[in-house]
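Chains, contacts and geometry: an overview
Single-letter residue listing:
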Amino acid sequence: MNAIAKAIDAINELLGRIIAPLIAIITLIVLYDIVSRFFFGRPSDWAFDVTKMLFGAHFMLMAAYGLRHHAHVEVDVIKRLLSRKKQAVLDLLGYLIFFVPFIWLLLTYGWRFFERSFSRGETTYGMVSIPVYPVKGVIVVAAVLILLQAVAIVLRAIMQLREEKSA
């Protein structure tokens, strides 16, 4: 179980480190658009749509990395007061009852959302028609990565409970 949890962590760590610099590219596109507007009196036709889509993809794809590093909101005030065994039980129940079903819904409906967009060849409505379905596909990829990270957390909680039993 530990090897599986470590492998999941490694995947999300690697992808997080690869995807994080995308924010610099987004920033450069925004700066390009600002300079274009200021110096040439005309913003680009594509920059707003591209930055909106890239930022959405960045946000979604970094969610599993954030979960791996406990960057999301947790109920730490209550959790700190509990023993390690009770913390593991809380993690196990919280993820199995609330988190995993939510991510499963995100995965299921995200797939339908992507599939409909792909089948219609959906594009943006601006001057430049940019395909939208790749960004909608990111929802599915992100849901899978988040679900995997949740599996790693649940596996660690199970290992903690087993450790407490044997001690």
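The residue numbering used here restarts from 1 in each chain and proceeds along that chain's sequence as written. Reporting in this predicted model follows two pLDDT cut-offs: at least 70 for local features of residues, and 80 or more for side-chain atom pairs to be given and counted; totals over whole chains, interfaces and linings ignore these cut-offs and use all residues. Neither water nor hydrogens contribute to the side-chain values; these are computed over all heavy atoms in the structure.

A separate point is the overall build of the protein chain. Runs of H or I in DSSP of at least four residues are treated as helices and runs of E of at least two as strands, each being numbered from the N terminus. Per the secondary structure count, the protein chain includes seven helices and zero strands. In this setup the radius of gyration rests on C-alpha atoms only. A globule is expected at 2.2 Å times the number of residues raised to 0.38. Relative to the compact-globule value of 15 Å for 167 residues, the protein chain shows a C-alpha radius of gyration of 20 Å, a clear excess of over 25%. Its C-alpha atoms give the protein chain principal-axis dimensions of roughly 70 × 35 × 30 Å. Within the protein chain, buried positions represent 34% of all 167 residues. Here the Shrake-Rupley method, with its probe set to 1.4 Å, supplies the accessible areas, and only the displayed protein chains count as covering residues. Just so you have it, the protein chain exposes about 10900 Å², and 71% of that area is on carbon and sulfur atoms. The cut-offs for exposure are 20% and 50% of the maximum accessible area for each residue type, with area from a 1.4 Å probe on protein chains only; residues under the lower value are buried, those over the upper are exposed, and the others partly exposed.

What follows concerns unusual backbone geometry. Here the phi dihedral of H70 falls at roughly 55 degrees; this positive angle occurs in a residue that is not glycine. Checked against the element boundaries, H70 lands in the loop between α4 (63–68) and α5 (76–79).

This paragraph deals with the packing of helix α1 (residues 2–19) against helix α7 (residues 133–166). Helix-helix packing is characterised by the crossing angle of the two axes and by the distance between the axes. To obtain an axis, a line is fitted to C-alpha atoms, over the contacting stretch when the element is a helix, and the angle between two such axes runs from 0 to 180 degrees between their N-to-C directions. Between α1 and α7, the shortest axis-to-axis distance is 9 Å and the interhelical angle comes to 145 degrees. The interaxial crossing formed by α1 with α7 has left-handed handedness. Residues N2, I4, A5, K6, I8, D9, I11, N12 and L15 of α1 form the contact with α7, whose own contacting residues are L145, L148, Q149, V151, A152, L155, R156 and M159. Its residues assigned to classes, the contact of α1 with α7 shows eleven nonpolar, three polar and three charged. With the far helix as reference, a near helix turned anticlockwise by less than a right angle produces a left-handed crossing, and one turned clockwise produces a right-handed crossing. What makes two residues a contact is simply this: any of their non-hydrogen atoms within 4.5 Å. Ten residues, namely Ala, Val, Leu, Ile, Met, Phe, Trp, Tyr, Cys and Pro, are considered nonpolar, four, namely Asp, Glu, Lys and Arg, are considered charged, and the remaining ones, Gly among them, are considered polar.

Attention now goes to the nonpolar core. Side-chain atoms within 4.5 Å are what join buried Ala, Val, Leu, Ile, Met, Phe, Trp, Tyr and Cys residues into a set we call a nonpolar core. Counting residues in hydrophobic clusters, the biggest one holds 25 residues, and the most contacted among them are L61, L67, L92, Y95, I103 and I146. Sorting the residues of this core by element identifies α3 (47–61), α4, α6 (84–120) and α7 as the ones contributing at least two each. Counting residues per element, this core draws most heavily on α7, which supplies twelve residues. Beyond its immediate stretch of four places on either side in the chain, L67 contacts H72, Y95, F99, I146, Q149, A150 and I153. Among the nonpolar cores identified, the runner-up in size contains five residues, and I29, A47, V50 and I130 belong to it.

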